[in-house]
Each structure stands twice: as C-alpha cells, then as structure tokens.
Amino acid sequence: MNFDLLFVYWNPSEIMFHIGSFGIRWYSMCWLVGLLLGYLLMQRLYKEQKIPDEKFEPLFLYIFLSVLIGARLGHCLFYQPEYFLGSWEHFIEMIVPMHHMPDGSWKFVGYEGLASHGGVIGMLIAIWLYSRRTKVPVWVVLDNMGICSCVTATFIRLGNLMNSEIIGKVTDVPWAFIFERVDQYPRHPGQLYEALSYACFFFVIFLAYRKNKQKVGTGYFFGMCLALVFVARFFIEYTKDIQVDFEAGMLLDMGQLLSIPFIILGVAVMIGGNWMKKLGARVDPK
C-alpha cells in the first residue's frame, strides 16, 4: 500500500500469515474477528438480561450457519441466477466452495460471493427457529442482534477491502483508492465507507440501549439497526461500481432495490414497538 499526494495505492497481500504451507487470509480473519466480537457482546447482553447460559449456547451455531448459507444463496440467486441455475455443475457450485473447471475437474476456491441481504434473511429465519426451540422471545433475540450486528458487519466490509472487492466508481476525490489488482483508476473505497458507517452505527445503537434497556423486546433496536444500515447501504451504492452486467442502465442497482424492504421494515418496527411487545413480550426464560 502506497500513498501519494492524492490517492491510496491499494494492493495488500490476501494472506495475513502462514501456518506451514497453509495461508490465513485477511478476509477469513476479518469474518472470524467480527463473529467473535458479536458473540462476546451478545453473551454480555444475555447475562445482563438474566437469560440462562444454556439458552445462549446454541445461538452462535444458528446464526453462523444461517448467515453463511443465506449470504451465499442470496448472492447466487439475486446476482447470478442465470449462471448458478443454468446447469447441474453450476448449481453444485452454489452449495459447495468449489469451481467446476473446463477440463471437468473441481477446484477449491472458497465461497466467491456473499450477499448481505441474503445473510439478513437467513439470520431472521434462524432466529425464529432458535426462539421456538429455546422459548426466548423472538423480539428479545432480534433486539439483541440489532445491538450486536454492526460490529460484525464492520469487519466483514474490512475483509472486502483487504480483498479489493466491491469496488467503487472512478472518482477524483483525494481519498480515492487505486485497487491495483483491478485496474489503475482511482475509485471510491465503498467498502471503507460502509465499514466506517457500521462502526458509527454500533456506538449509536449501543448508547441507545444503555439509556433505554427497557425497550429490549419491543423490536426498537432491531428496527434501528435495519433502518440505519440499509439507508446507509442505499446511498453508498451510488458510489459503487456495478457488480453484475444486468445492473448497467438500471435506475437503482440490485443492492438498492433489496435495501428498500429492509428500510421499510426497520422503520415500521421502530414505530410499532408497543405492538411488537404485545406479540413477543419478554417472558421469564428460566
């Protein structure tokens, strides 16, 4: 990474460090750190709210698997359905982290493409299933997730930055990045815009929680998280380059179209807090 008077030349190694011949990627480490911080914060919230440890323990597995599966399916079905549904081999690529090569062999490539909107949908389904199993009210879980989620989202976007992916449009702003793996044009660092936004939102939501703990279980913090994150995502999309060819010429890109329902849901949940509490009011989880 080099700096000149105007732009940042960005080309960090994808590998953070090696263990023998195995390389640990920055992207993977960012995911792990984000999940770990979210896990520890959620554990703290459960303890503050006197929810038993045995009800907390299965939550991480539910969330981890649902976000990964939802994000993967979201990318494949929202952005490249014609590819992944076009043949049996490509359908398998949607499920397993491998790529079908022209010579008929399979190559491990990891999951190349994860969509945050799909991850949120997967998370909502998992929380519903988790709540049914543990009897922890669904709106309590959703509010706690709303308090924690921006931490994980921040590190995921930093991982995208380290991978030089989800790049922005060409620009002449003095903080532009030249993603040398992509081309030599100065571009908006859209990943960094999102990471900084989510970090700020975490502190806003957490401070709101500290002052209004009684609102846990009303959907207020879940709604706030959705509204803030996806409003930011909607406007930051204007600085991003298109991710797939079919977005060219569209008034709103796919990321913006998918953000609108989440914004509406977030605002509705915040406004309808008392109604939500009647549907899923806190019960004694002991």
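Residues numbered from 1 in each chain as written. Predicted model: local features only at pLDDT ≥ 70, side-chain atom pairs only at ≥ 80, totals over all residues. Heavy atoms only, no water.

Going by the annotation in an unreviewed UniProt entry, the name recorded for the chain is Phosphatidylglycerol--prolipoprotein diacylglyceryl transferase, with Hallella colorans given as the source organism. On record in UniProt, under Subcellular location (unreviewed entry), the comment for the chain is "Cell membrane". UniProt lists a comment for the chain under the heading Sequence similarities (unreviewed entry), and it reads "Belongs to the Lgt family." (UniProt positions renumbered as here; feature names shortened; annotations may be inferred.)

Asks: Now, about the packing of helix H6 (residues 116-134) against helix H7 (residues 138-162): what can you tell me, with residues and values included?
Replies: Between H6 and H7, the least distance of the axes is 11 Å, while the angle of their chain directions is 150°. Considered as vectors, H6 and H7 are oriented roughly antiparallel to each other. At the point where H6 passes H7, the crossing takes the right-handed sense. Residues Ser 116, Met 123, Leu 124, Ile 127, Trp 128, Tyr 130 and Ser 131 of H6 form the contact with H7, whose own contacting residues are Val 138, Val 141, Leu 142, Met 145, Ser 149 and Arg 157. Its residues assigned to classes, the contact of H6 with H7 comprises nine nonpolar, three polar and one charged. (Axes fitted to C-alpha atoms, helices over the stretch in contact; angles between N-to-C directions. Helix = DSSP H or I, 4+ residues; strand = E, 2+ residues; numbered from the N terminus. Parallel < 35°, antiparallel > 145°, perpendicular 65-115°, else oblique. Left-handed = near helix turned anticlockwise from the far one by under 90°. Contact = heavy atoms within 4.5 Å. Nonpolar A, V, L, I, M, F, W, Y, C, P; charged D, E, K, R; others polar.)

Asks: Summarise the pattern of salt bridges; cite the residues concerned and give the values.
Replies: Enumeration according to the criterion identifies 12 salt bridges in this entry. The residue Arg 157 makes a salt bridge to Glu 194 at a minimum N-O spacing of 3.0 Å. Placement of Arg 157 in helix H7 and of Glu 194 in helix H8 (residues 190-211) is noted, with a sequence separation of 37 residues between them. Owing to a relative accessible area of 8%, Arg 157 belongs among the buried residues under this scheme. We note a salt bridge from Arg 187 to Asp 183, for which the minimum N-O separation is 2.6 Å. Just as Arg 187 is buried, Asp 183 falls in that class too. Through salt bridges with shared partners, a single ionic network connects Arg 157, Glu 194, Arg 233, Glu 237 and Lys 240. (Salt bridge = Lys/Arg side-chain N within 4 Å of Asp/Glu carboxyl O. Buried < 20%, exposed > 50% of the residue type's maximum accessible area, 1.4 Å probe, protein only.)

Asks: I'd like a rundown of the UniProt feature "transmembrane region" (unreviewed entry) in the chain, residues and numbers included.
Replies: Taken from the UniProt record, the annotation "transmembrane region" (unreviewed entry) applies to residues 15-39, 59-80, 108-129, 136-156, 192-209, 216-236 and 256-276. Taken end to end, residues 15-39 is 56% helix and 36% strand, and its first and last C-alpha atoms sit 25 Å apart. Within residues 59-80, the helical portion is 95% and the strand portion 0%, while the C-alpha atoms at the span's ends are 31 Å from each other.

Asks: Describe the nonpolar core, with residues and values.
Replies: Within the largest apolar cluster, 51 residues are counted, with the highest numbers of intra-cluster contacts made by Tyr 46, Leu 59, Cys 150 and Phe 221. Every element with two or more residues in this core is listed here: helix H1 (26-48), helix H3 (59-79), H6, H7, H8, helix H9 (220-236) and helix H10 (254-271). Considering every element that reaches this core, the biggest residue donor is H9, with 11 residues. For Cys 150, the contacting residues outside a window of four places in its chain are Tyr 198, Phe 201, Phe 202, Ile 205, Cys 225 and Val 229. One finds Val 8, Leu 161, Met 162 and Phe 177 within the second-largest nonpolar core, a separate group that totals seven residues. (Core = buried A, V, L, I, M, F, W, Y, C linked by side-chain atoms within 4.5 Å.)

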